[in-house]
Amino acid sequence: MKRKILILPIILFFTLLIVFFYLLVIDRNPSELPSVLINKEVPSFQAKSLMTKKTFISEKEFNGEIILVNFFATWCAPCLQEHQYLKKLSNQRGLKIIGINYKDDPTTALAWLKKLGNPYADVIADKKGHIGIDWGVYGLPETFIIDSKGVIKYRLIGPITKKTYKAFYSKVMEIENL
């Protein structure tokens, strides 16, 4: 009986060790966190466009084509790293990308885009972060893929990088072919 009592903790220890080791080695991508907005329509909002100075009305803009929505800021280092890949996406397929400048100075954002090149069809100012809250954004950059019906199909948390570009582009193509 004593022998069984001694073996039980050892078995339990090795079981926990195997579970923890498994969790360490599986291929998990923390940038693919679920969003409550997946398969739901784009949140309704109106905001000032930095490019045209007109009011951007989401209901009018998000329909008829695949659109990427990218939340970015000039103070965000990963946004700077991601910028070249957004330009590549906008040039490669002619994808329409809407930038949402999150809690940033509009003048600084325009100068930043002029210096680095502008991959965006339009840039919306979200000075106080209200649009970001409605979209569930909690870190920058975040990029959403919107289908031609104005429905959010995918959310990427973190920057598009050399490592993630092909997978992200494949996701865009997959949604485009639905």
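Everything that follows concerns the structure shown earlier in this document.
The rules behind these values
- Residues numbered from 1 in each chain as written.
- Predicted model: local features only at pLDDT ≥ 70, side-chain atom pairs only at ≥ 80, totals over all residues.
- Heavy atoms only, no water.
- Salt bridge = Lys/Arg side-chain N within 4 Å of Asp/Glu carboxyl O.
- Helix = DSSP H or I, 4+ residues; strand = E, 2+ residues; numbered from the N terminus.
- Pairing = 2+ DSSP bridges.
- Axes fitted to C-alpha atoms, helices over the stretch in contact; angles between N-to-C directions.
- Phe/Tyr/Trp six-rings, centres within 6.5 Å; stacked < 30°, edge-to-face > 60°.
- Buried < 20%, exposed > 50% of the residue type's maximum accessible area, 1.4 Å probe, protein only.
- Core = buried A, V, L, I, M, F, W, Y, C linked by side-chain atoms within 4.5 Å.
- Contact = heavy atoms within 4.5 Å.
- Arc of directions from axis to C-beta.
- Left-handed = near helix turned anticlockwise from the far one by under 90°.
- Nonpolar A, V, L, I, M, F, W, Y, C, P; charged D, E, K, R; others polar.

Caption draft 1: Geometry of the pattern of salt bridges. Scanning the entire structure with this criterion turns up three salt bridges. The residue Glu65 makes a salt bridge to Lys96 at a minimum N-O spacing of 3.7 Å. On the criterion of sequence distance, the pair formed by Glu65 in the loop between α2 (58-61) and β3 (67-72) and Lys96 in strand β4 (residues 96-102) is long-range, its members being 31 residues apart. Among the charged side chains, a network of salt bridges with common partners joins Glu61, Glu65 and Lys96.

Caption draft 2: Unusual backbone geometry, seen in detail. In this structure, Pro141 follows Leu140 across a cis peptide bond, with omega equal to -10°. Along the chain, the position of Pro141 falls in the loop between α5 (130-135) and β6 (142-146). One non-glycine residue, Asn39, adopts positive backbone phi at about 65°. You can see Asn39 is positioned in the loop between α1 (2-25) and β1 (46-48). Positioned with a positive phi, Lys53 is a non-glycine residue whose angle comes to about 65°. Mapped onto the fold, Lys53 is located in the loop between β1 and β2 (55-57).

Caption draft 3: Structural context of the sheet that holds strand β7 (residues 152-157). Read from one edge of the open sheet, five strands run β5-β4-β3-β6-β7, paired in mixed fashion. Looking at which strands have only one partner, the edges of the open sheet turn out to be β5 (122-126) and β7. On average, adjacent strands in this sheet sit at an angle of 20° to one another, irrespective of strand direction. Relative to β7, β6 runs antiparallel, the two sharing five bridges. Along β7, the bridge assignment pairs Glu142 with Ile157.

Caption draft 4: Expanded view of the packing of aromatic side chains. With the rule as written, the count across this model stands at 13 aromatic pairs. On the basis of an interplanar angle of 50° and a centroid distance of 6.2 Å, the ring pair of Tyr154 and Phe168 is categorised as tilted. Pair noted here: Tyr154 is in strand β7 and Phe168 is in helix α6 (residues 165-176), with a separation of 14 residues, a long-range link. Here Tyr154 and Phe168 have matching classes, each one buried.

Caption draft 5: Geometry of the nonpolar core. Formed by 48 residues in total, the largest nonpolar core has its most connected members in Val69, Phe71 and Trp135. Looking at this core, the element that brings in the most residues is α6, giving six residues. Discounting residues that sit within four places of it in the chain, Val69 has contacts with Phe62, Ile98, Ile100, Trp135, Glu142, Thr143, Phe144 and Ile146.

Caption draft 6: Seen up close, helix α4 (residues 106-116). Those residues of α4 not exposed but buried are Pro106, Ala109, Trp112 and Leu113. For α4, the arc enclosing every buried residue in end-on projection is 120°, short of the 170-degree limit, so these residues lie on one face. Facing away from the buried side of α4 by over 90 degrees, the exposed positions are Thr107, Lys114 and Lys115. At its buried positions, α4 is contacted by β3, α3 (77-92), β4 and β5.

Caption draft 7: Representation of the packing of α3 against α6 in the model. Between α3 and α6, the least distance of the axes is 12 Å, while the angle of their chain directions is 35°. Every pair of crossing elements has a handedness; the one defined by α3 and α6 is right-handed. Each of Tyr85, Lys88, Leu89 and Gln92 in α3 lies in contact with α6, whose residues at this interface are Tyr165, Phe168 and Tyr169. Partitioning the contact of α3 with α6 into residue classes produces five nonpolar, one polar and one charged.

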